[in-house]
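Descriptive analysis of the structure
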Amino acid sequence: MTRIARLLTAASTLALLAAQPIARAADAPTPPAPPAAEKPDNLKPGFFKPEAFETTGSVDAAGTHVDYKAIVGTLVVHPRGYDDAPEKPLGMGPAAGGAEDKAGDKGATPEAAMSYVAYLKKDARPETRPIIFLFNGGPGSSTVWLHMGSIGPRRVLTLDDSHTPAAPYRLVNNEYSAMDAADLVFVDAPGTGYGRLAGPDKEKAFWGVDPDAHAFAEFITSFLGKYGRWNSPKYIFGESYGTTRAAVVANLLSTQYSVDLNGVMLLSQILSFDNSIDGADANPGNDLPYTLALPTYAATAFYHKKLPQMPKDLPAFLAEVEHFALTDYAAALAKGWTLPAAERWAVIAKLNKYTGLPPAYLDRANLRVTGPMFEKMAQDDTGTTTGRFDSRFSGPTIDPLSKEADYDPQDVSISSAYVSAFNDYARTTLKVPADRVFLPVVDAEGVWNFSHAQPGRPATPGTPNVMPDLAVAMTTNPNLKVLLNAGYYDLATPYFAAVYEMRHLPIPARLSNNISFAFYESGHMVYAHLPALHQLHDTVAGFVQRTDNQAGR
């Protein structure tokens, strides 16, 4: 499996569902339009009609009681260039499953109804109430994971580092919700959640680095207009591939929509895909992923007590490993086959000290262990596979003779709890009609277009690098603050790779002061560990309070 494919969400093995979405197709074809010069933009024909279901609720978070209205709905977005597309009325398909244009209708343009769940504090003035747009990644994932596990008003209870038993699951008041600091909008990617796609080449129109970012930018500006939030302090929060998206969206909002964000929050970051440890062996000559993943290997071996000599302090131990990774280890890998034998075995001894992997195995691996290899080997002596998204998790090895891990123990440990709890909550509390089906994930593998046009450059194929996008967003909006959140036990997007990316953003040196860091003794979904969730709340709330520009009002 390629390193890009392995970045798909933890729920990628779930079966895809198809049924009536919240985004219902229009009931009948739109009448012929008047001449283009006389026709307002909001009368363009389309496949979908926006919908919204509103309820009320409250949450006690960080000692603060917040009454809110909750809105589950969809907003309709279009591909870039939609305003220049023909305005021919569309043929409408059936309401269930999303509409399709009539065969041969060359005037049709694709459309996406993007679903969201918004929590807006009652009776708050927009200019005094920050708003955070949150999204997961995949690509091809809804935002059910952040919604049900992190800083929303409700959270599902799961076991800390082992398989959560089957239903019934418990949903509780989230005392670590960020509703004490900001309104929250959990946004599902095009084609996921309650949203759907329609029109010719609909996946091509929305499934790719650039078209996806454009859809999110259009969603955000549409939401600001619909709910009167243009003058609110504004933030985006992306997890995993959502950090890739966040970098591009931040640049689009600043440079093309004239929307300056107060802050960008990144969780489990990947901006340059060449730094991924997944499938790094498919890109020989690039040894950087191995050095950047080593501290996470060390943290994992520390957690499972696999080190020959157990250190007492994890952060101090990781600082030592980081230094070795960027110095002796990087220098040894750079020498390739010219590395002297004595130096080679000295490095192997250090790698054994920091990872617990057998010296003979490290030698056969040529000092280079990919993420899937480490997941298989870290606890191989007990027939155990180590978690990828959270290496604190473990599970029985399926094939003891395999080179790489066959599955992710964290994925199968918590996915059912998140998806089942949300579906029950959406129907019983948020009052979503029972006939609407929520898609937690869509199969974007093999369809997603990873070509990306960096600012000022044409689109290029291959593994994307959106570091320039975030750099331009920070440069054109020099007050923009960026918060990096990273878990020590994340093998999907190792924390030190994210640090390395931040240290190498092409920005003026003075703007590096706009970047802050928070590290957690948890994995990819740092909020799956309760003490880390508490820390995440305090970090996010503090970041908003420092950057909402309301001091002195």
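Reading the values: rules and limits
For every chain, the first residue of the written sequence is number 1, and numbering continues from 1 along that sequence. For a predicted model such as this one, the threshold for reporting local features is a pLDDT of at least 70, and the threshold for listing and counting side-chain atom pairs is 80 or more; totals across whole chains, interfaces and linings nevertheless cover every residue. Computation of side-chain values covers all heavy atoms of the structure but excludes hydrogens and water. A run of H or I in DSSP becomes a helix once it reaches four residues, and a run of E becomes a strand once it reaches two; helices and strands are each numbered from the N terminus. Burial classification: accessible surface area is computed with a 1.4 Å probe over protein chains only, and a residue below 20% of its type maximum counts as buried, one above 50% as exposed, and the rest as partly exposed. We get accessible surface area from the Shrake-Rupley algorithm with a probe of 1.4 Å; when it comes to residues, only the shown protein chains can shield them. Helix span, as expected, comes to 1.5 Å for every residue beyond the first. One fitted axis covers the seven residues ending at a residue, a second covers the seven starting there, and the bend at that residue is the angle between these axes. Between N or O atoms, a polar contact is any pair within 3.5 Å; within protein, one atom must be a potential hydrogen donor and the other a potential acceptor, and residues adjacent in sequence are included only when both atoms are from side chains. The term nonpolar core refers to a set of buried residues drawn from Ala, Val, Leu, Ile, Met, Phe, Trp, Tyr and Cys, joined through side-chain atoms within 4.5 Å. Whether two residues are in contact is decided by their heavy atoms, any of which lying within 4.5 Å being enough. The axes used here are C-alpha line fits, helices contributing only the stretch in contact, and every angle between their N-to-C directions lies in the interval 0 to 180 degrees. Should an angle fall under 35 degrees it is taken as roughly parallel, and over 145 as roughly antiparallel, whereas 65 to 115 is taken as roughly perpendicular and any remaining angle as oblique. In this count, Pro and Cys sit with the nonpolar residues alongside Ala, Val, Leu, Ile, Met, Phe, Trp and Tyr, while Asp, Glu, Lys and Arg are called charged and the others, Gly among them, polar. To pair, rings of Phe, Tyr and Trp, with the six-membered ring standing in for Trp, must have centres within 6.5 Å; the planes then decide the type, stacked if under 30 degrees apart, edge-to-face if over 60, and tilted in the middle. The predictor attaches a confidence to each residue, and that confidence, scored 0 to 100, is pLDDT. By definition, two strands form a pair when at least two bridges between them are found by DSSP. Viewed with both strands pointing away, a crossover whose connecting path from the first strand over the helix to the second turns clockwise is right-handed. Take a side-chain nitrogen of Lys or Arg and a carboxyl oxygen of Asp or Glu: if they are within 4 Å of each other, that pair is a salt bridge. In this scheme the crossing of two helices becomes right-handed for a clockwise turn of the near helix relative to the far one and left-handed for an anticlockwise turn of less than a right angle.

**Things to note about the overall build of the chain**
Broken down by element type, the chain carries 13 helices and 14 strands. Within the chain, the fraction of its 553 residues that count as buried is 60%. Just so you have it, the chain exposes about 21,200 Å², and 53% of that area is on carbon and sulfur atoms.

**Things to note about helix α5 (residues 288-303)**
For α5, with 16 residues, the first-to-last C-alpha span of 24 Å sits near the 22 Å given by 1.5 Å per residue. L294 marks where α5 bends most, by close to 35°; the proline P295 follows one to four residues later. Most of α5 is tucked away: 14 of the 16 residues are buried. Where α5 terminates, the next one or two residues include K305, which has phi positive at roughly 55°.

**Structural notes on the side chain of S115**
Secondary-structure assignment places S115 in strand β3 (residues 111-121). In this structure the side chain of S115 is engaged in a polar contact, spanning 3.0 Å, whose partner is the backbone nitrogen of Y194. Only 3.4 Å separates the side chain of S115 from the backbone nitrogen of G195, close enough to count as a polar contact.

**Side note on the nonpolar core**
Generally speaking, a soluble globular protein has its nonpolar side chains buried in company with each other. Counting 109 residues, the largest nonpolar core has F133, F219, F223 and I236 as the members making the most contacts within it. Those residues within four positions of I236 in sequence are excluded, and the remaining contacts are F133, F135, I220, A246, V249, A250, L261, G263, V264 and M265. Judged by nonpolar contacts, the second largest core, of 51 residues, contains V66, Y68, Y520 and L533.

**Some words on the packing of α5 against helix α12 (residues 495-503)**
The contact between α5 and α12 brings their axes to 6 Å, and the two run at 125°. Classified by the interaxial angle, the pair formed by α5 and α12 is oblique. In this structure, α5 contributes L288, T291, L292, P295 and T296 to the contact, and α12 contributes Y495, F496, A497 and Y500. In terms of residue class, the contact of α5 with α12 is made up of seven nonpolar, two polar and no charged.

**Observations regarding the packing of aromatic side chains**
Within the structure shown, the criterion is met by 27 aromatic pairs. Geometrically, the ring pair formed by Y116 and F223 is edge-to-face, given 5.6 Å between the ring centres and 90° between the ring planes. Of this pair, Y116 sits in strand β3 while F223 sits in helix α3 (residues 209-226), placing them 107 residues apart in sequence. A ring pair is formed by F324 and Y329, whose centres lie 5.8 Å apart and whose planes are at 10°; its orientation type is stacked.

**A closer look at the side chain of T243**
Note on placement: T243 falls in helix α4 (residues 241-256). If we skip the residues at most four places from it in the chain, T243 touches G238, L266, L267, S268, Q269, I270 and L271.

**Quick word on the environment of D490**
Among the structural elements, D490 can be located in the loop between β13 (481-487) and α12. Remark: the alpha-carbon pair of D490 and V526, spanning 36 residues in sequence, is separated by 8.6 Å. Of the polar contacts made by the side chain of D490, one reaches the backbone nitrogen of A492; its length is 2.9 Å.

**Some words on the confidence of the model for the chain**
With 87% of its residues at a pLDDT of 70 or more, the chain shows a mean pLDDT of 89. Contacts of residues 1-21 to residues separated by more than four positions or lying in other chains number 64 contacts, the stretch itself having pLDDT below 50. In this model residues 85-107 is a low-confidence stretch, pLDDT under 50, and it forms 65 contacts with partners more than four residues away in sequence or in other chains.

**So, the pairing of strand β14 (residues 515-520)**
Looking at chain direction, β13 and β14 are connected through six bridges and run parallel. Across the sheet, residue L484 finds its bridge partner in β14, namely F517. Where the polypeptide runs from β13 across α12 and back to β14, its parallel neighbour, the crossover connection is right-handed.

**A look at the pattern of salt bridges**
Enumeration according to the criterion identifies 16 salt bridges in this entry. Put simply, E343 and K335 hold a salt bridge, and the shortest N to O gap is 3.0 Å. Among the salt bridges present, the one from D435 reaches R436, with a minimum N-O distance of 3.1 Å. Residues joined in a network through salt bridges with shared partners are E51, D435 and R436.

**Quick word on the pairing of strand β1 (residues 52-61)**
Where burial is concerned, the two faces of β1 differ: the one with F53, T55, G57, V59 and A61 is buried and the one with A52, E54, T56, S58 and D60 is not. Pairing of β1 with strand β2 (residues 64-77) involves ten bridges; the strand directions are antiparallel. In the sheet register, A52 faces β2, and the bridge partner there is G73. What sits between the antiparallel neighbours β1 and β2 is a turn of two residues, in which A62 has the positive phi angle 50°.

**Some details on the packing of helix α6 (residues 314-334) against helix α7 (residues 341-355)**
Axis angle and axis distance: for two packed helices, these are the angle between their axes and the distance between the axes, and together they describe the pair. Between α6 and α7, the least distance of the axes is 11 Å, while the angle of their chain directions is 155°. Considered as vectors, α6 and α7 are oriented roughly antiparallel to each other. Where α6 crosses over α7, the two elements pack in a sense that is left-handed. Where α6 approaches α7, its residues F317, E320, V321, F324, D328, Y329 and A332 are matched on the opposing element by E343, V347, K350, L351, K353 and Y354. When grouped by side-chain class, the residues that make up the contact of α6 with α7 number eight nonpolar, no polar and five charged.

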